[in-house]
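Below, each chain spelled out in residue letters.
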Amino acid sequence: MDAILKFIFSSEAEELYILDCLAYCMIIMALLTFVTLLFENVPYGRYATTRYGFLINVKFAWFVQELPAFFVPVFLVFFTSASRTSHLPNQLLLCMYFCHYVQRSLIYPFLIRGGKSTPFASFALAFVFCIYNGYLQTRYLSHYAEYPSGWVTHPAFILGGLLWLFGWLINVHSDHILRNLRQPGETGYKIPRGGLFEFISGANFFGEIMEWAGFALAGNSIHSLAFAIFTMVVLASRAVAHHKWYLSKFEDYPKSRKALVPFVF
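Residues numbered from 1 in each chain as written. Predicted model: local features only at pLDDT ≥ 70, side-chain atom pairs only at ≥ 80, totals over all residues. Heavy atoms only, no water.

A. Structural view of the state of the cysteines. Scanning all chains against the criterion turns up zero disulfides. Cys 99 supplies the cysteine sulfur nearest to Cys 95, a cysteine that is in no disulfide, at a spacing of 8.3 Å. No disulfide involves Cys 130; its nearest neighbouring cysteine sulfur is the one of Cys 99, lying 16 Å away. For Cys 130, a relative accessible area of 5% translates into the label buried. (Disulfide = S-S within 2.5 Å. Buried < 20%, exposed > 50% of the residue type's maximum accessible area, 1.4 Å probe, protein only.)

B. Structural detail: the packing of aromatic side chains. For the coordinates displayed, the defined rule picks out 24 aromatic pairs. Their ring planes at 45° and their centres at 4.6 Å tell us that Trp 212 and Phe 227 sit as a pair that is tilted. In this pair, Trp 212 sits in helix α7 (residues 203–219) while Phe 227 sits in helix α8 (residues 222–249), placing the two residues 15 residues apart along the sequence. Each member of the pair, Trp 212 together with Phe 227, is buried. Following the ring pairs from residue to residue traces out a cluster consisting of Phe 70, Phe 71, Tyr 97, Phe 98, Tyr 101, Phe 129, Trp 212, Phe 215, Phe 227 and Phe 230. In this structure, Arg 104 is placed above the aromatic ring of Tyr 108, and the distance from its NZ or CZ to the ring centre is 4.5 Å. (Phe/Tyr/Trp six-rings, centres within 6.5 Å; stacked < 30°, edge-to-face > 60°. Helix = DSSP H or I, 4+ residues; strand = E, 2+ residues; numbered from the N terminus. Lys NZ or Arg CZ within 6 Å of the ring centre and 35° of its normal.)

C. Structural view of the environment of Phe 206. Among the structural elements, Phe 206 can be located in helix α7. Each C-alpha atom of the pair Phe 206 and Ile 170 lies 7.9 Å from the other, and the pair is 36 residues apart in sequence. Not counting residues within four places of it along the chain, the set of residues in contact with Phe 206 comprises Ile 170, Leu 196, Ile 200, Leu 260 and Pro 262. (Contact = heavy atoms within 4.5 Å.)

Shown next, in the form of structure tokens:
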């Protein structure tokens, strides 16, 4: 793996420069995505349509599209000269990343009950993004990120770590609630209840946004910040779309429930 990286990049300085450029490009992509999502929902799940290509089984799509987010980092951490992995802040941040994607790529797809098939375009874009972001986050953390002595006791790291943890727990718990709305063999949609769904329509999205905001705060880099911004743009849009959909679909949908932020929005 080191040989491949040395073939692509003439020096570590060049690779770090490219990593920085990729982070800024992700922020630009987030802004463009924000504008696009003002006019179009992300075409998967209840918004899936054949306008974006042939449909793929939802379990297969989730499993395959998320795999690069796990395997690319595994190769970068274990099969390259990852010089910063002996440092505690880097280890903890990498653990946050892997904890999310082990669950998202190796567990979550096999727990899905029902669910609409995924258009090929959505599947392909997610697959490419997982390669892109998997490389960006873990290569920076495993080989380049330098933190001051005692960073893990800094308020930013502690607060970021707590935000990540609570966000991860909210995300997993909310997915559990959504999954158990359907009994085996059932299809269709129901009003989610319990947990943060009592207050917001996008509890699972809120949890994941909180996760990566905490990761960005603890990581203190443009790379983790770019990921947090992109995640917020995509998932906030989806939460708003879901909220409008629920209100139009169910006459008895709780009118006090907000879209994404309890009591606020």
